[in-house]
Amino acid sequence: MTLSSVLEQWRSQRNVVFIVGDFNVDGLKTSRERVLLNELLAGFHMERIDLAPTRVTQKTFSSIDMCCVSAEYIGDVNVQVLHTGISDHTGHLCSLNFEIKKKVPILSTRRHINSINLENLRMHLDLQSWDRVLTCIDVDDAYNNFLAIVTSALDTTCPAKNTRQKPRKSITLAYDHEANQMKQEFIQAENAFKLYGRQEDKKRSSDFKKAYDLKLKSLRKQASANFIAESNNKAKAIWTVINRERREKTQEHSNVNHLLLDCVESSSPQEMANSFNKFFTSVAEDTLNRVDKGDPRTIPSGDLNIAFPLTEFEPTSKRELSKIIRNMKNKTSAGLDEFSSVMLRGCEKELLEPLLHVVNLSLRLGVCPKKMKSSKVIPLHKQGSKHDLENYRPISLVIPFQKL
């Protein structure tokens, strides 16, 4: 992707564009590359801010860092030289005097489950009469009555509430006096070499830089260890650290606020949801059509020879059903029924009898309840642009009762 294509994309979205980075085009010397870059920026009504030298030696100085902004905002950007001590280059601290719009908090409606609510739910279900379920001979009616009782108990003990999205806890490096002292020693040695050009000063600067880098590496390692130790979910914390280290620089971090649908930009949540639903439900059919047409990218499955086909299912027992429930993972995620596996495991004793009737009725009739055939689907980004439907794959949150 070129600079011009990026600028063209952002211009089409009518955003204020501010570019900061190392473009390896010296802004202090007249050259063909500098002229071409300035002409390219002028074509998008942008200007490059004149910066001080970022690398100064005894004989040379250069400024290959670049700060560019839309021409009408050139007076709203302040740039200061910053000695970071990370390398032999100085840095620039850019401040933008833009009016920041107050962010509207993202609200989500969900049920809050804790030990108290779970105990209240267990007591409420224990008082229920399951005759509406146990006397049904139709599997859909039995499961619908069962779900109605469970949902009523949830509404009473765990009502849905609006919740603000909390910021994720990030890995932070605490201030370290020793690291700061090592940074100052490196900067002093680097300045001495720039001033006098002595080889001993260059060697001291290199030694201080290596020691400082090792110190920063150890601090990052310790911060990651503390982040994992303080987390309630150790596995999730470990993967957070791993993904943070291996994340590509080109990865998009912004939230998806629009999709490209038939080359037209759409930001309507309803249209985006319908497009995802249509895309995910048609992928399988499109793949089968490619098989019929002899698409070389697909491999036909062929005929399956089953020696012993299933003709009937044996009814299950309370012991077997209880074992399956206890082997479920403790997950708080829920499907369309808003009932998670944590709730099912916590209310196993109270729900075992009506669930046994529904399961055995389904096995005997060979019919799965219709409401069990629906699931909540979450689009998960794989790679590429986040605004393209084909770069997503579906994650289905099935109802825990369906796993029985």
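Please refer to the structure placed before this passage.
Since the model is a prediction, treat every value here as computed from it, not as a measurement.

K.L.:
Explain the packing of aromatic side chains here, please?
P.N.:
For any pair of aromatic rings, the description rests on two quantities: the centre-to-centre distance and the angle between the ring planes. Tallied over the entire structure, the rule returns seven aromatic pairs. Just above the ring of Tyr-196 sits the side chain of Arg-198; from NZ or CZ to the centre is 4.8 Å.

K.L.:
Sorry, what's going on with unusual backbone geometry here?
P.N.:
In most cases, non-glycine residues show a negative phi, while peptide bonds are predominantly trans. The backbone phi angle of His-45 is positive, close to 60°, even though this residue is not glycine. Positionally, His-45 belongs in the loop between helix H2 (32-43) and strand S2 (46-48). Even without being a glycine, Glu-338 presents a positive backbone phi close to 60°. As for its placement among the helices and strands, Glu-338 is situated in the loop between helix H10 (318-326) and helix H11 (341-346). Judged by its relative accessible area of 34%, Glu-338 is partly exposed.

K.L.:
It is not clear to me how the nonpolar core should be interpreted in this structure. Could you clarify?
P.N.:
Side chains of a nonpolar character, in soluble globular proteins, are inclined to be buried together. By size, the foremost hydrophobic cluster in this structure holds 34 residues, and its most contacted members are Leu-121, Phe-146, Phe-339, Leu-351, Leu-355 and Phe-401. Breaking this core down by element, the ones donating at least two residues are helix H3 (115-126), helix H5 (139-157), H10, H11 and helix H12 (348-365). Among the elements that line this core, the one with the most residues is H5, at nine residues. Ignoring anything within four residues of it in the chain, the contact list for Leu-351 reads Leu-125, Trp-130, Phe-146, Val-150, Phe-339, Leu-344 and Phe-401.

K.L.:
Just checking my understanding: could you explain the packing of helix H6 (residues 177-196) against helix H7 (residues 199-230) for this structure?
P.N.:
Helix-helix packing is described using two parameters, namely the angle between the two axes and the distance between the axes. Running from N to C, H6 and H7 point in directions that differ by 155°, and their axes come no closer than 8 Å. Taken together, the axis directions place H6 and H7 in an arrangement best described as roughly antiparallel. As for how H6 packs across H7, the hand of that crossing is left-handed. Packed against H6, whose contacting residues are Glu-178, Ala-179, Met-182, Lys-183, Glu-185, Phe-186, Ala-189, Glu-190, Ala-192, Phe-193 and Tyr-196, the element H7 presents Asp-201, Lys-202, Arg-204, Ser-205, Phe-208, Lys-209, Ala-211, Tyr-212, Lys-215 and Leu-219 at the interface.

K.L.:
Is there a simple way to explain the sheet that holds strand S5 (residues 65-70) in this structure?
P.N.:
Two modes of strand pairing occur in sheets, parallel and antiparallel, and in both the strands are linked by backbone hydrogen bonds. Spatial ordering of the open sheet is given by S1-S5-S2, a layout of three strands whose pairing is antiparallel. What marks the edges here is a single partner per strand, and that holds for strand S1 (18-22) and S2. Direction aside, neighbouring strands of the sheet carry axes that sit 20° apart on average. Where S2 lies against S5, three bridges are found, and the strand directions are antiparallel. Its bridge partner being in S5, Met-46 is matched across the sheet by Ser-70.

K.L.:
I'm lost on the packing of H3 against H5 in this one. Help?
P.N.:
Running from N to C, H3 and H5 cross one another at 140°; their axes reach a closest spacing of 9 Å. When the axes of H3 and H5 are compared, the pair comes out oblique. Crossing of H3 against H5: the hand is right-handed. The residues of H5 that touch H3, namely those facing Asn-117, Asn-120, Leu-121, His-124 and Leu-125, are Val-150, Ala-153, Leu-154, Thr-156 and Thr-157.

K.L.:
What's the story with the side chain of Ser-70 in this structure? I'm lost.
P.N.:
Mapped onto the elements of the fold, Ser-70 is located in strand S5. On the basis of relative accessibility, which here comes to 8%, the residue Ser-70 falls in the buried class. With residues near it in sequence (within four places) discarded, Ser-70 still touches Val-16, Val-17, His-45 and Met-46.

K.L.:
Honestly, the pattern of salt bridges in this entry has me stumped. Any pointers?
P.N.:
Charged atoms that come close allow side chains of opposite charge to pair. The tally for this structure, following the rule as stated, stands at 11 salt bridges. One salt bridge in this structure joins Glu-119 and Arg-122, with 2.1 Å as the shortest N-O distance. One end of the pair is Glu-119 and the other is Arg-122, both in helix H3 and three residues apart, which spans about a single turn. Take Glu-119: its relative accessible area is 36%, and that puts it in the partly exposed class.

K.L.:
I keep staring at H12 and nothing clicks. Help me out?
P.N.:
Counted at 1.5 Å a residue, the expected span for H12 with its 18 residues is 26 Å, and the 25 Å between its end C-alpha atoms agrees. Along its length, H12 reaches its greatest deviation from straightness, about 35°, at Pro-354. Along H12, 13 of the 18 residues are buried, which leaves the element largely enclosed by surrounding structure. Phi turns positive one or two residues past the end of H12, at Gly-366, with a value near 70°.

K.L.:
Would you take a moment to explain the environment of Ser-333 for this structure?
P.N.:
Inspection of the secondary structure puts Ser-333 in the loop between H10 and H11. Setting aside residues up to four positions removed in sequence, Ser-333 forms contacts with Ser-340, Ser-341 and Leu-397.

So, how was this worked out
Residues numbered from 1 in each chain as written. Predicted model: local features only at pLDDT ≥ 70, side-chain atom pairs only at ≥ 80, totals over all residues. Heavy atoms only, no water. Phe/Tyr/Trp six-rings, centres within 6.5 Å; stacked < 30°, edge-to-face > 60°. Lys NZ or Arg CZ within 6 Å of the ring centre and 35° of its normal. Helix = DSSP H or I, 4+ residues; strand = E, 2+ residues; numbered from the N terminus. Buried < 20%, exposed > 50% of the residue type's maximum accessible area, 1.4 Å probe, protein only. Core = buried A, V, L, I, M, F, W, Y, C linked by side-chain atoms within 4.5 Å. Contact = heavy atoms within 4.5 Å. Axes fitted to C-alpha atoms, helices over the stretch in contact; angles between N-to-C directions. Parallel < 35°, antiparallel > 145°, perpendicular 65-115°, else oblique. Left-handed = near helix turned anticlockwise from the far one by under 90°. Pairing = 2+ DSSP bridges. Salt bridge = Lys/Arg side-chain N within 4 Å of Asp/Glu carboxyl O. Expected span 1.5 Å × (residues − 1). Bend = angle between axes of the 7 residues up to and from the residue.

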